[in-house]
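# Structural features, examined
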There are 2 protein chains.
Amino acid sequence: MATIKDVAEKACVSIATVSRILNKKGKYSEETESSVHKAAEELGYTPNLTAKRLKTGLTGTIGIAIKEYFLLHYPVLLHTAIKVLNQQNYSVEIILNATMKDCVNLLNRGQFDGLLIAFIDNDEHALRSLIKSRRNFVFLGGSIEREDVNMIEIDYFQGGYIATQHLINLGHDNILFIEDNENLFFTQEIKRGYLFALDESGIQYKENLILYGDHTYSDPGEFTGYNSVRRLISKRQPAKQVAFTKPFRSLEVKAKRHNHQQSGWLRNGREADFSAVLTTDDKIAYGVLKALKDGGLRVPADKSIIGFGNLSSSEYLSTPLTTVEIPLSQMGELGAEILVNNIKRRDSIIKRVKLKIRLAQRETLSKRLT
Amino acid sequence: MATIKDVAEKACVSIATVSRILNKKGKYSEETESSVHKAAEELGYTPNLTAKRLKTGLTGTIGIAIKEYFLLHYPVLLHTAIKVLNQQNYSVEIILNATMKDCVNLLNRGQFDGLLIAFIDNDEHALRSLIKSRRNFVFLGGSIEREDVNMIEIDYFQGGYIATQHLINLGHDNILFIEDNENLFFTQEIKRGYLFALDESGIQYKENLILYGDHTYSDPGEFTGYNSVRRLISKRQPAKQVAFTKPFRSLEVKAKRHNHQQSGWLRNGREADFSAVLTTDDKIAYGVLKALKDGGLRVPADKSIIGFGNLSSSEYLSTPLTTVEIPLSQMGELGAEILVNNIKRRDSIIKRVKLKIRLAQRETLSKRLT
DNA sequence: CTGAAAGCGCTAACAC
DNA sequence: GTGTTAGCGCTTTCAG
């Protein structure tokens, strides 16, 4: 590969001159300019980016740390972020399933000018190193509570709240809530919103209306709210609480976990009546939809459903799924912009944005006849 | 940031020793080893990747050039490729909407050890530079005819063929074919398969059974086969050939193009009867599905449909869409593996793989009653 | 076993 | 306007 030296020799100038001309910096005569360009052209010279980077300390690259689940199911987040970043002439590297600790290393290696950290589990220790490093990064989602980091949040609480409220306004008061298995931050926020809305309307929250789906974020292929609902609606085979059989990762999660094959249990062992369902993920809602269909129930005539996430597929379902729309595109865009400003302008003002969520109203809802 | 020099000073050794120990190369005593590790630890030292790269000439990074349409709608290709690459300790950079010319530059800048080039339009001139550069790259899809490049192809012809044949076997002989607007290589291959299957069964191909949908790959949001079919089935408002109004990009494409708002025209202006539909993209099939529903026709009772691509959403449709499944995951995996072998083993044997396509049979097909 | 030194390709003072 | 030169942080001979 041709180097700057080759070009300099061919054009009979020094390498400094070549560098100046090719970067349009400093002064040079038109004559030398054209001869340098000619030489570069003829040699098919392309500057070595690595050398440039080492010298300038800038990589022109931004990393995006993301879980594979999000890459597979919500590519729009990535897409928007990459588009914005490319527009600003940054290259983008994807880091799959990195922990926050990995992020610290990545940043310290000088490999990136900045990092977009999407939905990563908090790790107080790593977080401190991250902040101390004074590098550029922006959190997208996640559960960081510190106020002194750049972060685009999503108001999951509000999402759970408006969805539940909407159902209540339609006359539903027995609303089944199906959450994923993972006890994630945002799952809990959605549940808080659900409970808050119930409470606000003076509806007593019923423990047997809160179920687990089989959805997990670690295994991208697996999901369903099918079993939970199937058991619930088959009167012959009443759902009942089952014993835990698998070991659990942490004590805290223990009480909220259950074995895959035994999903759909009711906390108090009794049957539950419901006219509407709210899930914490569209994929769970898909399972619910199928379970209801298989159980001979119609949507929305018999049961109403609201999902969460607005997967692109949800629009094309049998009855297009009404769902809570997470503003992921906006998140990617804003996150990328804030990061770039941080880098380019050394803008050190902390930005914390909480994005509102809206309901994508489609066809899985109906009024409750009273 | 701590450098190798800092570590060396702290451990009272030379930088050469630090390098050796941290890279586990050459010989060193256990004593020095532990003191170096200790110093590195205490300083929070992480080797600067850029410097390493400049020195070794290896970046440990692989680029994936992909169109945004694929990122958004078929993230599985990216996903699989990244997973394989990460396993082999490569970083992955995404380059959106690059042309083949861009690929040449990218590779020459020494920014990547290799490039995965997904579904990129051919450019003979750039292709020659690419080959001449003797860098590592693998084409994923696309229409490169030269035999002397690494390439994973997909047998679109076979896909069009088996889909059509399947419909014929079900008794259909008037099969509507709806292609996207872009006159892409693979669209043409699918059509060839369609025509071949018809011909093989002695069915006369009818020009008025070949339509255009509104689908374009450049605008990720837009798609539908809705208009085409809607016009076709509304007897009151016969579809007719319309004049071209927009300027066209190239002469070759001209005859096959039409304005968005005027899609769905029939080539010969006459009405067409059909009992089954084959489309070149699932999204077009979605539009068709809706058009049929809106026109009071049932699927599969009245019309059978086969899509193309197997979007993850297609499984969850009203009636799950029978579709031709492109083995994108396999493509990403194989492509990544071949590329890595090329780089690591300087394996210079050209690999050309043609992946077979299979039908994902779901619920949009029925037998034609004769 | 360890250290000195060359140099990867480039940029940016600094001289002229 | 142009050339000389000193590194950026690291790896890797080559001596010792």
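In this report, we go over the structure that sits alongside the text. (Residues numbered from 1 in each chain as written. Chains lettered and ligands numbered in written order. Predicted model: local features only at pLDDT ≥ 70, side-chain atom pairs only at ≥ 80, totals over all residues. Heavy atoms only, no water.)

## Quick word on the protein's contact with DNA strand C
Here is the rule: One heavy atom within 4 Å of a molecule or strand is enough for the residue carrying it to be called near that molecule or strand. Polar contacts, as used here, are pairs of N or O atoms within 3.5 Å; protein pairs need one atom able to donate a hydrogen and one able to accept it. Residues neighboring in sequence count only if both atoms are side-chain atoms. Each helix is a run of H or I in the DSSP string that is no shorter than four residues. Each strand is a run of E no shorter than two, and both are numbered from the N terminus. Classification convention: Asp, Glu, Lys, Arg as charged; Ala, Val, Leu, Ile, Met, Phe, Trp, Tyr, Cys, Pro as nonpolar; all other residues, Gly among them, as polar.
In the vicinity of DNA strand C, 25 residues are found, and the nearest of them are I4, S19 and Y45 of chain A together with R20 and K55 of chain B. Taking all atoms of DNA strand C within 4 Å of the protein, the share assigned to sugar and phosphate is 63%. With respect to DNA strand C, the side chain of K55 of chain A contributes an N or O atom lying 3.2 Å from a base oxygen. Looking at the surface near DNA strand C element by element, the count peaks at four residues for helix α2 (residues 15-22) of chain A. Taken together, the residues of the surface near DNA strand C break down into 10 nonpolar, eight polar and seven charged.

## Structural notes on the pairing of strand β2 (residues 91-96) of chain A
Test applied: Buried means the residue's accessible area, taken with a 1.4 Å probe over protein chains only, is under 20% of the maximum for its type, while exposed means over 50%, and partly exposed covers the values in between. For two strands to count as paired, DSSP must find a minimum of two bridges between them.
Here β2 of chain A lies mainly inside the structure; six of its six residues are buried. Along β2 of chain A, one buried face is formed by S91, E93 and I95 of chain A and the opposite face, lined by V92, I94 and L96 of chain A, is buried too. Judged from the three bridges that link them, β2 of chain A and strand β2 (residues 91-96) of chain B form a sheet pairing that is antiparallel. Each bridged residue has a counterpart across the sheet, and for E93 of chain A the counterpart in β2 of chain B is E93 of chain B.

## Some remarks on the interface of chain B and chain A
Note the cut-off: We call two residues contacting when some pair of their heavy atoms lies within 4.5 Å. Two parts lose some accessible area (1.4 Å probe) when they are put together, and adding that loss for both gives the buried area. Salt bridge, as applied in this entry: a Lys or Arg side-chain nitrogen positioned within 4 Å of an Asp or Glu carboxyl oxygen.
With 39 residues of chain B at the contact, the number on the chain A side is 39 residues. Buried surface at the junction of chain B and chain A, summed over both partners, amounts to about 3800 Å²; 61% is from carbon and sulfur atoms. The largest share of the area that chain B buries against chain A comes from T50, R109 and Y316 of chain B, three residues that together contribute 17% of it. Connecting chain B to chain A are two salt bridges. Among the elements that line the side of chain B that touches chain A, the one with the most residues is helix α6 (residues 75-87) of chain B, at seven residues. For the side of chain B that touches chain A, the per-class residue count stands at 18 nonpolar, 14 polar and seven charged.

## Some words on the pattern of salt bridges
Taken as a whole and assessed by the stated rule, the structure comprises 30 salt bridges over all chains. Here D173 of chain B makes a salt bridge to R368 of chain B, at a shortest N to O gap of 3.3 Å. With D173 of chain B in the loop between α9 (156-169) and β6 (175-179) and R368 of chain B in the segment after β12 (358-360), the pair connects residues that are 195 residues apart, well separated along the chain. Under the relative-accessibility criterion, R368 of chain B is labelled partly exposed at 33%. Where salt bridges share partners, they join K10, K38 and E42 of chain A into one cluster.

## Observations regarding the packing of aromatic side chains
Given two aromatic rings, one states the distance between the centres and the angle between the planes to describe the pair. All names here are of chain A. Applicable threshold: Pairing of aromatic rings covers Phe, Tyr and the six-membered ring of Trp, with a centre-to-centre limit of 6.5 Å; geometry is then stacked below 30 degrees between planes, edge-to-face above 60, and tilted otherwise.
Scanning the model with the defined rule gives 24 aromatic pairs over all chains in all. Centre to centre, the rings of F137 and F139 are 5.6 Å apart; their planes meet at 75 degrees, and the pair counts as edge-to-face. For F139, a relative accessible area of 1% puts it in the buried group. Grouped by ring-pair contacts, the aromatic residues Y69, F70, Y74, F119, Y156, F186 and F308 constitute a single cluster.

## Some remarks on the sheet that holds strand β8 (residues 276-279) of chain A
Residues and elements named next belong to chain A. Put simply, the rule reads: The axes used here are C-alpha line fits, helices contributing only the stretch in contact, and every angle between their N-to-C directions lies in the interval 0 to 180 degrees.
Spatially, β7-β6-β8-β9-β10-β12 is the arrangement adopted by the six strands of the open sheet, whose pairing is mixed. In this open sheet, the two strands that pair with only one neighbour each are β7 (210-212) and β12 (358-360). Ignoring strand direction, the axes of neighbouring strands in this sheet form an average angle of 25 degrees. Pairing geometry for strand β10 (residues 323-325) and β12, over three bridges, is antiparallel. The residue of β12 that forms the bridge with T323 is A360.

## Points about α9 of chain B
Residues and elements named next belong to chain B. Applicable threshold: For a helix, the expected span equals 1.5 Å multiplied by the residue count minus one.
Taking 1.5 Å of rise per residue, 14 residues should cover 20 Å, and α9 covers 20 Å from first to last C-alpha, within 8% of that figure. Judged by how many residues are buried, α9 sits mostly within the fold: 10 of 14 residues are covered. Looking at α9, one finds that the buried residues are Y156, F157, Q158, G159, G160, Y161, A163, T164, L167 and I168. G171, located one to two residues past α9, shows a positive phi value of around 100 degrees.

## Section: the nonpolar core
Soluble globular proteins tend to pack their nonpolar side chains together in the buried interior. Here is the rule: What is meant by a nonpolar core is a set of buried Ala, Val, Leu, Ile, Met, Phe, Trp, Tyr and Cys residues, joined one to another through side-chain atoms within 4.5 Å.
Core analysis: the largest hydrophobic core is formed by 158 residues, its most contacted members being I94 of chain A together with I94 of chain B. The residues contacting I94 of chain A, other than those within four sequence positions of it, are I64, I66, L78 and I82 of chain A together with I82, V92 and I94 of chain B.

## Comments concerning helix α11 (residues 226-233) of chain B
Two residues of an α-helix separated by three or four positions point the same way, owing to the 3.6 residues in each turn. All names here are of chain B. Note the cut-off: As used here, the arc is the angular range of directions from the helix axis to the C-beta atoms.
Every buried residue of α11 is accounted for by S228, V229, L232 and I233. Each buried residue of α11 lies within a common arc of 110 degrees when the element is viewed along its axis, so the set occupies one face. Where α11 is buried, its residues meet β6, β7 (210-212) and α13 (282-294).

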